[in-house]
Amino acid sequence: MEFNKKSIILLALVLVLGLSTGFYFGNNRQQKTDGIVQIVKDDTENKATSVATANNIDRAKQKLDLLKSYTDFVLLPPEKIVDANSYVEAMKTKIIKINDSEIISKFNASWETENGEQKRLDFIDFLNDKIKSDLQ
């Protein structure tokens, strides 16, 4: 088999054309995969952020419900609340569901007789601040 000048040039041209085509499509394919990986990564981060936001909103709703129950209990006249014990137990159930040790301790302290009124107001302010922080 004898190679002449034309066949060597043709072989070199095919080789250069194949390398450049392979490099272009290979690089382009890598960019597409990088884009797909980035989209999946962004989607996963967005879902995690959405779940965290949903959890914060859910916790804020639970705390808001507790705040409403607590202020009703503290501010309403005693004759408006039919069974005070069951009302307090319902609030304790809400607090257990929230599962925040700081809220539990402040709630329990708010029923102490010494400086009781101030402690109740402090608990309302504290719970209000917790709700605001959950919603930010």
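This one's a predicted model, so the numbers in the text were calculated from it and none came from an experiment.

S.K.: So what exactly am I meant to see when it comes to the overall build of the protein chain here?
M.R.: Of regular secondary structure, the protein chain possesses four helices and zero strands. Reading the secondary structure of the protein chain in the N-to-C direction produces α-α-α-α. For the protein chain, the residues scored as buried account for 19% of the 136 residues in total. Of all intrachain contacts in the protein chain linking residues separated by at least 6 positions in sequence, the fraction that spans at least 24 positions is 60%. Accessible surface computed for the protein chain: about 10,600 Å², of which carbon and sulfur atoms make up 60%.

S.K.: Explain the packing of helix α2 (residues 84-98) against helix α3 (residues 101-109) here, please?
M.R.: Helix packing geometry: the angle between the two helix axes and the distance between the axes. The interhelical angle for the contact between α2 and α3, taken along N-to-C directions, is 155 degrees, at an axis separation of 8 Å. Looking at the two axes, α2 sits roughly antiparallel to α3. The crossing of α2 and α3 is left-handed. Residues M91, K92, I95 and I98 of α2 form the contact with α3, whose own contacting residues are I103, I104 and F107. Within the contact of α2 with α3, the residues separate by chemical class into six nonpolar, no polar and one charged.

S.K.: Help me understand α2, please; the structure alone is not making it clear to me.
M.R.: Given a rise of 1.5 Å per residue, 15 residues ought to cover 21 Å, and the 21 Å separating the end C-alpha atoms of α2 matches this to within 8%. Listed as buried for α2 are V88, M91, I95 and I98. Seen end-on, α2 carries its buried residues on one side only, within an arc spanning 70 degrees. Across α2 from its buried face, at more than 90 degrees, point the exposed residues N85, T93, I96 and K97.

S.K.: Can you walk me through a nonpolar patch on the surface in this structure?
M.R.: Residues L10, L13 and V14 make up a contiguous nonpolar surface patch of roughly 300 Å² in combined accessible area. Its place among the elements puts L13 in helix α1 (residues 5-75).

S.K.: Please explain helix α4 (residues 116-135) as it appears in this structure.
M.R.: Residue pairs three or four apart in sequence face the same way in an α-helix, which turns once every 3.6 residues. For α4, which comprises 20 residues, the first-to-last C-alpha distance of 29 Å matches the rise-based estimate of 28 Å (1.5 Å per residue) to within 8%. Residues of α4 that are buried include every one of G116, F123, I124, F126, L127, K130, I131 and D134, and no others. Buried residues of α4, seen end-on, are gathered within an arc of 165 degrees and therefore sit on one face of the element.

S.K.: Explanation requested: the pattern of salt bridges in the structure shown.
M.R.: Pairing is possible between side chains of opposite charge, provided their charged atoms come close. Considering all chains together, one arrives at seven salt bridges under this definition. A salt bridge links D72 to K68, with the shortest nitrogen-to-oxygen separation between them at 2.9 Å. Of this pair, D72 and K68 both sit in helix α1, separated by four residues, roughly a single helical turn. Measuring nitrogen to oxygen at the nearest pair gives 3.9 Å for the salt bridge that ties E89 to K92. Remark: K92 and E89 occur in helix α2; sequence separation between them is three residues, near one turn of the helix. Among the residues examined, E89 registers a relative accessible area of 44% and is labelled partly exposed.

Conventions adopted
- Residues numbered from 1 in each chain as written.
- Predicted model: local features only at pLDDT ≥ 70, side-chain atom pairs only at ≥ 80, totals over all residues.
- Heavy atoms only, no water.
- Helix = DSSP H or I, 4+ residues; strand = E, 2+ residues; numbered from the N terminus.
- Buried < 20%, exposed > 50% of the residue type's maximum accessible area, 1.4 Å probe, protein only.
- Contact = heavy atoms within 4.5 Å.
- Areas by Shrake-Rupley, 256 points an atom, 1.4 Å probe, with all protein chains shown as cover.
- Axes fitted to C-alpha atoms, helices over the stretch in contact; angles between N-to-C directions.
- Parallel < 35°, antiparallel > 145°, perpendicular 65-115°, else oblique.
- Left-handed = near helix turned anticlockwise from the far one by under 90°.
- Nonpolar A, V, L, I, M, F, W, Y, C, P; charged D, E, K, R; others polar.
- Expected span 1.5 Å × (residues − 1).
- Arc of directions from axis to C-beta.
- Patch = residues over 30% accessible without salt bridge, like charges linked within 9 Å, V, L, I, M, F, W, Y side chains within 5 Å.
- Salt bridge = Lys/Arg side-chain N within 4 Å of Asp/Glu carboxyl O.

These values are about where atoms sit, not about what they do.
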